[in-house]
Amino acid sequence: MKPKILIVDDQPDLRKLVRLTLSPSNFELYEASDGLQALDQARAVKPDLVLLDVMMPGEMNGYQVCATIRQETELQHAQIILLTARGQQNDLDAGFESGANNYLVKPFSPTQLLDLVYRCTRQLEARGA
Amino acid sequence: MTISHTRSKLPSSEGEGLLQSLLIEQQSALEAMPHHVWISPPDEPRIIYFNRRWYEYTGLGKREALRDSGASTIHPDDLELVISSSATARLFSRAYSVDARMRGRNGVYRWFRIRGAPTFSGDKVIAWVGTNTDIDESRKMRDELEAAHARLARVQAITALLTTTLTISDVTGVFLDEVVPFLNAQSGILGLLEPDGQHIRALEQSGGFEAIATVLKGFKSVISLEEPRPSCDCFKLTKPILFESRSSMKREYPMMIEDLKHSGIQAVAVLPLISEARPIGVMNLNFDHATVFEPERIEFMTTIASLIAQALDRARLYDAQREQAEVLERRVQERTHELELHKEELEAFVYTVSHDLRAPLHKLSMTGGLLNNAIAANQKEDVNWLVEGIETGVRRMDQLIRDLLHLSRAGRTPEDPVLINLGETVERVLSELEPTIQTRGVLVQRPESWPNVTYPQTELYQIVLNLLGNAVRFSGQTSSPEVQVAWTLEDSNIVLCVEENGAGIPETQRDKVFELFAKLDPSSSGTGVGLAIVKRIAERHGGGVELDGSPLGGARFRVRIPHLN
């Protein structure tokens, strides 16, 4: 089965860039443009991996989405990678506290993103096997 | 002395006979005594005999004296004490002694010590014999001594107060609360030489000030040393000038009399304030009664004046230093506050800048990587999109950096304010925005005449460009776009008003839009720096910017432009 990846970012350009990075590989891609939409999508498709932008306008930022996903038993197996422009230690601490598995600090390259995504999905396969 | 106010009835007791015989026996001895001697019967408080000395002193006749037992000679204030002392002594048959004033033949009272003692025959009192001894000299000396002690204590207290005073108002406080009443004066003023050396200024705190100002015609808080006034002459001659009554003042300062007319002031004393052998001012005392200035009193006032002078000298130094310290402290606080603001601002700035500069950088980083793949895979559409992305990313980066530079310089340019017509600046901006206005079909309304303002030219341009740029961009999202520019005069400030008919800004967001990188619409092409620039420039030049809702439906910005010199 193809790993399901949910891309969450408020900027369409950035979603498209991530999609272009991941689409050549064997993934099933989903998108959401804000926190609430992200939760709806996550409950609906039960993604294996969530690429979650931290700074989002609206009711929920990335940390809050992450923490909510972690509380739901149905979604517990999902790996979460935070995408953040804030690379300070306290920002990262906040990320791990909210339950993220990994993070990528912007700016990053497509290769860096792809590497991390592969690592996470391989872990999934290993666990699933 | 035993006395009674009632007229004595004729004695008829047995004791009386005994007493009469005793009197006859002793008379020559009693008459020779250097003191007053009197004799009273054992059973009633009346006097039946005074010796010659007594008659000599009082000048009374025998009938007169015996009628009220000499009570009329006792000072009314002392009479009760004398009567009660004698009555108590009689009750216990015990000797007594009391001091009282007695009127002499010349009408002058002198102090006497009145002693009375029972004379016994066996255990029976047969008479009361008394003496009055003149103690006037010693009594007066004692009174004077006591008064001198009291005065000394008061002087010590005042001296102590004056040496501990720190500020000028402390000194004037002691002067008014202690010195003026102590000298029996009704009001007083301390005057100090002005730094110009030509005038004397009354210390405002030295009270009775208003009272004096209202009653004393021609009262001035500053007087020239050239004026013919007691204070000026006292200062120039450095010696006391004293008027014990108005008539004495009239001789030397006839023009002062008119001023004093309704003041109630009868006597005046002006003493020089001398500190370290140099006159620094005058002490003025006003009396509502004619006053005799005895040498001791003058000496005392002079002493007080010199203490006040030293205290004032010290206080002046202290006040000056304190003022200086306060000014310094205030300045330090202001600077610290400014620095803190700058530091906070800088921290917030660096944080947001690092984040927001990274956003386009991130896009470029992603785009660059993907471009290779897209080219390799010959995906033309993606290649075009990505190349376009690089171009906009670079443009955006450039715009951001330019805006940030503007922001960092906002309100801090060395540019001098110049007199410019606000309308000209508005027109220049509008012509720059013309392409957008055309494309969007924006209707721009503005008044025909504009005021001149004094403002740094490029900064005014920045304000107008940012406000109009936003207005043109955000106007008319649903209906046909409309922008209105106008100005008003408010409290001698010119207020530039820019409004449009766009979606408007919710009240909760209105403060936020002035923050750096704050964008209501993340997809908008703005950098989120413009309004921060406007706010900073306006505030740096003593104005400000406000945001509310426009009657047109959108946002209304109002910038206050003070007149700068």
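Structural data are supplied above this passage.
Residues numbered from 1 in each chain as written. Chains lettered and ligands numbered in written order. Predicted model: local features only at pLDDT ≥ 70, side-chain atom pairs only at ≥ 80, totals over all residues. Heavy atoms only, no water.

### Notes on the overall build of chain A
What counts is decided by this rule: By the criteria applied, helices consist of DSSP H or I runs no shorter than four residues and strands consist of E runs no shorter than two, each listed in order from the N terminus. Only protein chains enter the accessibility calculation, which uses a 1.4 Å probe; a residue whose area is less than 20% of its type maximum is buried, one above 50% is exposed, and one in between is partly exposed. Contact between two residues is taken to exist if any of their heavy atoms lie within 4.5 Å; hydrogens are not considered. Using the Shrake-Rupley algorithm and a 1.4 Å probe, accessible areas are obtained, with residue cover drawn only from the displayed protein chains.
Broken down by element type, chain A carries five helices and five strands. Counting all 129 residues of chain A, 50% fall into the buried class. Restricting the contact set of chain A to residue pairs at least 6 apart, pairs at least 24 apart contribute 61%. For chain A, the accessible surface area stands at approximately 6100 Å², while carbon and sulfur atoms represent 47% of it.

### Overview of the overall build of chain B
The secondary structure content of chain B amounts to 15 helices and 18 strands. Scored against the burial criterion, the 565 residues of chain B give a buried share of 44%. A fraction of 63% describes how many contacts in chain B between residues 6 or more apart in sequence connect residues 24 or more apart. Accessible surface, chain B: about 30500 Å² in total, of which carbon and sulfur atoms supply 53%.

### Some words on the interface of chain A and chain B
Going by this rule: The salt bridge criterion pairs a side-chain nitrogen of Lys or Arg with a carboxyl oxygen of Asp or Glu, the two atoms within 4 Å. Between N or O atoms, a polar contact is any pair within 3.5 Å; within protein, one atom must be a potential hydrogen donor and the other a potential acceptor, and residues adjacent in sequence are included only when both atoms are from side chains.
Taken together, the contact between chain A and chain B spans 21 residues of the former and 15 residues of the latter. Joining chain A to chain B, the criterion identifies one salt bridge. Note that Lys363(B) and Asp13(A) form a salt bridge whose closest N and O atoms lie 3.6 Å from each other. Put simply, chain A and chain B have four residue pairs in polar contact (both at pLDDT 80 or more) between them. Of all the secondary structure elements, the ones that give two or more residues to the side of chain A that touches chain B are helix H1 (12–22) and helix H5 (110–128) of chain A.

### Quick word on the pattern of salt bridges
Working definition: two side chains of opposite charge can pair if their charged atoms are close together. All names here are of chain B. If you walk through the whole model with that rule in mind, you get 30 salt bridges over all chains. Close ionic contact of aspartate 313 with arginine 278 constitutes a salt bridge, the shortest N to O distance being 3.2 Å. With a gap of 35 residues between them, aspartate 313 in helix H11 (residues 295–376) and arginine 278 in strand E11 (residues 278–287) connect regions that are remote in the sequence. The buried category is assigned to aspartate 313, whose relative accessible area is 16%. Take arginine 278: its relative accessible area is 40%, and that puts it in the partly exposed class. For glutamate 546, the salt bridge is made with arginine 558, and the minimal N-O distance between the two is 3.8 Å. With glutamate 546 in strand E17 (residues 544–549) and arginine 558 in strand E18 (residues 555–561), the pair connects residues that are 12 residues apart, well separated along the chain. Assessed through its relative accessible area of 46%, glutamate 546 is described here as partly exposed. Here the salt bridges do not stand alone but share partners, grouping Arg110, Asp134, Asp136, Glu137 and Lys140 into one network.

### Concerning the packing of helix H6 (residues 168–182) of chain B against H11(B)
Residues and elements named next belong to chain B. Put simply, the test is: What counts as an axis is a line fitted to C-alpha atoms, over the stretch in contact for a helix, and the angles between N-to-C directions run from 0 to 180 degrees. Orientation is classified from the angle alone, with under 35 degrees giving roughly parallel, over 145 giving roughly antiparallel, 65 to 115 giving roughly perpendicular, and any other angle giving oblique. Crossing handedness is read from the near helix: turned anticlockwise from the far helix by less than a right angle, it gives a left-handed crossing, and turned clockwise, a right-handed one. Lys, Arg, Asp and Glu make up the charged group, whereas Ala, Val, Leu, Ile, Met, Phe, Trp, Tyr, Cys and Pro make up the nonpolar group; the residues left over, Gly among them, are polar.
The N-to-C vectors of H6 and H11 enclose an angle of 165°; their axes lie 9 Å apart at closest approach. Judged on the interaxial angle alone, H11 and H6 are roughly antiparallel. Two packed elements cross with a definite hand, and for H6 against H11 that hand is right-handed. Contacts between H6 and H11 involve Ile168, Val171, Phe175, Val179 and Phe182 on the former and, on the latter, Phe300, Ile304, Ile308, Ala311, Leu312, Ala315, Arg316 and Asp319. Considering only residue class, the contact of H6 with H11 consists of 11 nonpolar, no polar and two charged.

### Quick notes on the sheet that holds strand E10 (residues 267–275) of chain B
Residues and elements named next belong to chain B. As a reminder of what qualifies: Here, a strand pair is defined by DSSP locating no fewer than two bridges between the strands.
Across the sheet, six strands lie side by side as E8-E7-E6-E11-E10-E9; this open sheet has antiparallel pairing. Only two strands of the sheet have a single neighbouring strand rather than two, namely strand E8 (222–224) and strand E9 (241–243). Pairs of neighbouring strands in the sheet enclose a mean axial angle of 20°, with direction left out of account. Sheet topology places E10 next to E11; nine bridges connect them, and they run antiparallel.

### Digging into the sheet that holds strand E13 (residues 443–445) of chain B
Residues and elements named next belong to chain B. Taken in spatial order, the five strands make up an open sheet running E13-E15-E16-E18-E17, and their pairing is mixed. Looking at strand neighbours, the two that pair on one side only are E13 and E17, the edges of this open sheet. When the angles between neighbouring strand axes are averaged without regard to direction, this sheet yields 15°. Relative to strand E16 (residues 493–500), strand E15 (residues 482–490) runs antiparallel, the two being bridged by eight bridges. When the sheet's bridge partners are listed, tryptophan 487 is paired in E16 with leucine 496. This element, helix H14 (residues 457–474), spans E15, E16 and E18 of the sheet and lies at about 25° to E16. The sheet strands contacting helix H15 (residues 530–540) are E17 and E18, and the helix crosses E17 at an angle near 130°.

### Things to note about the packing of aromatic side chains
The test is simple: Each pair of aromatic rings taken from Phe, Tyr and Trp, with Trp reduced to its six-membered ring, is defined by centres within 6.5 Å and is described as stacked if the planes are under 30 degrees apart, edge-to-face if over 60, and tilted in the remaining cases. In this scheme, the term charge over a ring applies when either NZ of a lysine or CZ of an arginine sits within 6 Å of the ring centre and within 35 degrees of the ring normal.
Enumeration over the complete set of coordinates arrives at 11 aromatic pairs over all chains. When the centroid spacing of 5.5 Å and the interplanar angle of 70° are considered together, the rings of Phe96(A) and Tyr103(A) count as edge-to-face. Seen in terms of ring centroids, Phe287(B) and Phe293(B) are 5.5 Å apart; in terms of plane orientation they differ by 65°. Their pairing is edge-to-face. For the pair shown, Phe287(B) and Phe293(B) are each scored as buried. Members of the aromatic cluster, each reached through a chain of ring pairs, are Phe50(B), Trp54(B) and Tyr55(B). Its end group placed over the ring of Trp385(B), Lys16(A) keeps NZ or CZ at 4.0 Å from the ring centre. A cation over a ring is seen here: Arg139(B) above Trp111(B), with NZ or CZ 3.7 Å from the ring centre.

### A few points about the environment of Glu427(B)
Residues and elements named next belong to chain B. Structurally, glutamate 427 can be placed in helix H13 (residues 422–440). Separated by 19 residues in sequence, glutamate 427 and arginine 446 place their C-alpha atoms 9.7 Å apart. In this structure the side chain of glutamate 427 is engaged in a polar contact, spanning 2.7 Å, whose partner is the side chain of arginine 446.

### Quick notes on the packing of H14(B) against H15(B)
All names here are of chain B. Where H14 meets H15, the axes come as close as 9 Å, and the angle between the chain directions of the two elements is 145°. Of the two elements, H14 crosses H15, and the hand of that crossing is left-handed. Across the interface between the two elements, Glu459, Gln462, Ile463, Asn466, Leu467 and Asn470 from H14 touch Gly530, Leu531, Ile533, Val534, Ile537 and Ala538 from H15. Classifying every residue of the contact of H14 with H15 gives seven nonpolar, four polar and one charged.

### Points about the side chain of Ser231(B)
Along the chain, Ser231(B) turns up in helix H8 (residues 230–237). Not counting the four nearest positions on each side in its chain, Ser231(B) is found in contact with Ile200(B), Ile223(B), Val270(B), Val282(B) and Asn284(B).

### Some thoughts on the nonpolar core
Residue and element names in this part refer to chain B. Test applied: Among buried residues, the Ala, Val, Leu, Ile, Met, Phe, Trp, Tyr and Cys ones that are joined through side-chain atoms within 4.5 Å form a nonpolar core.
In this structure, Leu468, Val485, Leu516 and Phe557 are the most contacted members of the largest nonpolar core, which totals 49 residues. The dominant element in this core, judged by the number of residues it contributes, is H14, at eight residues. Residues contacting phenylalanine 557, with those up to four places away along its chain left out, are Leu467, Leu496, Cys497, Val498, Ile505, Phe514, Leu531, Val545, Glu546 and Leu547. Ranked by size, the runner-up nonpolar core spans 34 residues in total, among them Leu285, Phe287, Phe293 and Ala309.

### Here's the deal with the pairing of strand E7 (residues 199–202) of chain B
All names here are of chain B. Residues Ile200 and Ala202 of E7 are buried on one face, while the alternating residues His199 and Arg201, pointing to the opposite face, are not. The pairing of E7 with E8 spans three bridges and is classified as antiparallel. Pairing of histidine 199 across the sheet is with serine 224, part of E8.

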